[in-house]
Every structure is written in C-alpha cells, then in structure tokens.
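Read off the chains here:
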Amino acid sequence: MVLRYSAIAIATVVSVVNLTAGTWVYDSETKTLSDGIWTLSATVAKNTTKLTISGVTVEPESISDLDFTGGVTGVDGSKTYTVTGIGREVFSGKTKLGRVVAPHLTSLNRRTFLNSSITYFRADSLATVTYADFRNCKNLTEVYLPKGTTVQGGSDINHGAFCDCTALTTVYAPLASSIGVRSFYNCDALQSINLPSATSIGTSAFEYCDNLEEVLLAAEGASIANKSFASAVKLKSIVPGT
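Residues take numbers from 1 onward in each chain, read along the sequence in its written order. Residue-level local features of this predicted model are given only where pLDDT is at least 70; pairs of side-chain atoms are given and counted only at 80 or more, and the full residue set underlies all totals for whole chains, interfaces and linings. As a rule here, side-chain values come from all non-hydrogen atoms in the structure, and water together with hydrogens is ignored.

## Quick look at the overall build of the chain
- Every helix listed is a DSSP run of H or I at least four residues long, and every strand listed is a run of E at least two residues long, numbered separately from the N terminus. The secondary structure content of the chain amounts to 0 helices and 19 strands.
- To sort residues, take the accessible area from a 1.4 Å probe on protein chains only and compare it with the maximum for the residue type: under 20% means buried, over 50% means exposed, and anything in between is partly exposed. Counting every position in the chain, which comprises 242 residues, the buried fraction comes to 47%.
- Working rule for contacts: check all heavy atoms of both residues, and any pair within 4.5 Å makes them a contact. For the chain, contacts bridging at least 24 residues in sequence account for 40% of all contacts bridging at least 6.
- In this description, accessible areas are obtained by the Shrake-Rupley approach with a 1.4 Å probe, and a residue is regarded as covered only by the protein chains that are shown. Carbon and sulfur atoms make up 47% of the accessible area of the chain, which amounts to about 10,600 Å² in all.

## So, the pattern of salt bridges
- Salt bridge criterion: a side-chain nitrogen from Lys or Arg within 4 Å of a carboxyl oxygen from Asp or Glu. On inspection of all chains with the given rule, the structure shows 5 salt bridges.
- Notably, a salt bridge pairs Arg99 with Asp65, separated by 2.8 Å at the nearest N-O pair. Here Arg99 is found in strand β8 (residues 97-101), whereas its partner Asp65 is found in strand β5 (residues 64-67), with 34 residues between them in sequence.
- Close ionic contact of Glu89 with Arg111 constitutes a salt bridge, the shortest N to O distance being 2.6 Å. Taken together, the positions of Glu89 in the loop between β7 (80-86) and β8 and Arg111 in the loop between β8 and β9 (120-122) put the pair 22 residues apart, joining distant regions of the chain.
- For Glu89, a relative accessible area of 37% translates into the label partly exposed.

## A few points about the sheet that holds strand β10 (residues 128-129)
- Spatially, 5 strands are ordered β10-β12-β14-β16-β18 in an open sheet, and the strand pairing comes out parallel. Strands at the two margins of the open sheet, each flanked by one partner only, are β10 and β18 (223-224).
- We call two strands paired when DSSP finds no fewer than two bridges between them. Pairing analysis gives 2 bridges linking β10 to strand β12 (residues 150-151), with the strands arranged parallel. For Val129, the partnering residue across the bridge sits in β12 and is Val151.

## Details of the environment of Thr112
- Along the chain, the position of Thr112 falls in the loop between β8 and β9.
- Assessed through its relative accessible area of 0%, Thr112 is described here as buried.
- Residues Thr112 and Phe91, 21 residues apart in the sequence, show an inter-C-alpha distance of 5.7 Å.
- Not counting chain neighbours up to four residues away, the residues in contact with Thr112 comprise Ile86, Gly87, Glu89, Val90, Phe91, Ser92 and Asp133.

## Digging into the pairing of β8
- Judged by how many residues are buried, β8 sits mostly within the fold: 4 of 5 residues are covered.
- Alignment of β5 against β8, held across 3 bridges, turns out to be parallel. Considered in β8, the bridge of Leu66 is made with Val100.

## Side note on the side chain of Ser228
- Within the secondary structure layout, Ser228 lies in the loop between β18 and β19 (237-240).
- On the basis of relative accessible area, Ser228 is assigned to the buried category, the value being 1%.
- Apart from the residues lying within four places of it in its own chain, the contact partners of Ser228 are Ile201, Gly202, Thr203, Ser204, Ala205, Phe206 and Glu207.

## What to know about unusual backbone geometry
- Phi angles above zero are rare outside glycine, and Asn136 is one such case at about 60 degrees.
- Position of Asn136 among the secondary structure elements: in the loop between β10 and β11 (142-144).
- Given the relative accessible area of 23%, Asn136 is considered partly exposed.
- Positive phi outside glycine occurs at Tyr208, with the angle close to 65 degrees.
- Structurally, Tyr208 can be placed in the loop between β16 (200-201) and β17 (214-217).
- A residue is classified by how much of its surface remains accessible, and Tyr208, at 35% relative accessible area, is partly exposed.

Following this line, the structure appears as structure tokens:
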C-alpha cells in the first residue's frame, strides 16, 4: 500500500441530532434520576448541582433515547441540575439504548457504553473518550465531539475507545489531537475521517478499517505510529490539514 499526500478536501457530513428532550427529575433522597422511561442512580458533587450517573436502576422494554439537553429538575422544583459525568461501565451491555445526547457531559470513566446498543452519541463538552468506552458497539453509526481532544487507547486490543464499532461511518472531532492505540481498530464501515488537529496517531489506531480510503490530519508535525493503518487495504491518501 502506497500512501500519497494530496490536496483533496475531505467532506465530513454530520447529522446533529436534536431529540425531543425528556423531562428528567432527580430525587436527592433516593439518589435516582428518571424521565419516566429510564431510572438511573446518580450522585451530586459536593456544593454543586452537577450529577454523575453511577448505574441503571430501570431499563425500558424497548429501544429508548437518553437526552439531557433540557437539564434536570429536583423533585420539589427548587433546583436545576446538569448531567456532567457517567461512571464506569454504567451502560455496558445495555440492549435498549438508542441515541444519547448530553451537552453538559465532561467525563466518562472507561467502558461506559461497552457492548451496548447505542446508535448515536453527541457530547458537546466532552474532551476525553476513555478506554473502551464504545468498544464493540455494533449499532453505533455517528459520534459528535466538537470539543473532544483525546481518544484513548491501550496496549490491549480491548482498550480501544471505538474498537470493533463495525457500523461507525461518521466521527466529528475537529479538536482531537491524540488518537490512541487501537482507538478505531476494526471500524470497517469507516470510509473517511477528518481529524484536522490530530498530531499523534497511535499504533494500530485504524488497523483493519477495511473500507477507509482517506484521512485528514494536522497540517504539520503529525506523528503516525507503526501499523496505524495496517490492513486498511483501500486507503489511498493521508491529507495534511490546512
């Protein structure tokens, strides 16, 4: 495989999904958060109104979205909360999860959506996608991370943030500078990716992306590790950004 640098502009088309925001209510006594469909356990950071989801108490019977755009109201209506964190493995293996929109989310904590049925993810404030957060999410097609700077990977194949997301076609992360080891390993529906701020691409980051044809990286100084694009048999060009 011969990689060529060209002046081709890679177009990135992202569907910015606006869901019908649910009415979320937080009960500080039971430490539960509910929209009448999902019931989640959650805690409030001390002296703040920031919620971190720590578990799923009630999962719906059919595929349902999670939309935190409208914020969260306390049971008595006296406070408004925002969901800023989701804990480790909270939605791992959940089979009734559809689209997730969380504009105030700032932290995940590893394997958050691992093996789940999630189809779309948008987090306007999230900077870092952590180890295996979306690994093996076979229904995930689009990811929207306008402030994302880091996609973590790891030495083990199971650590790649989006490893084995075989339906993933669109990733919007214009500020992402670091793409970790095996981050997009075996994302074989991915045809092009626009990462104009990326300066570091880890080992095997896009290995076995069988349909990947074009990649856009930072204009200068991008470090591309060994086997970053191994077995990406259709790859035609790596395009420096402008």
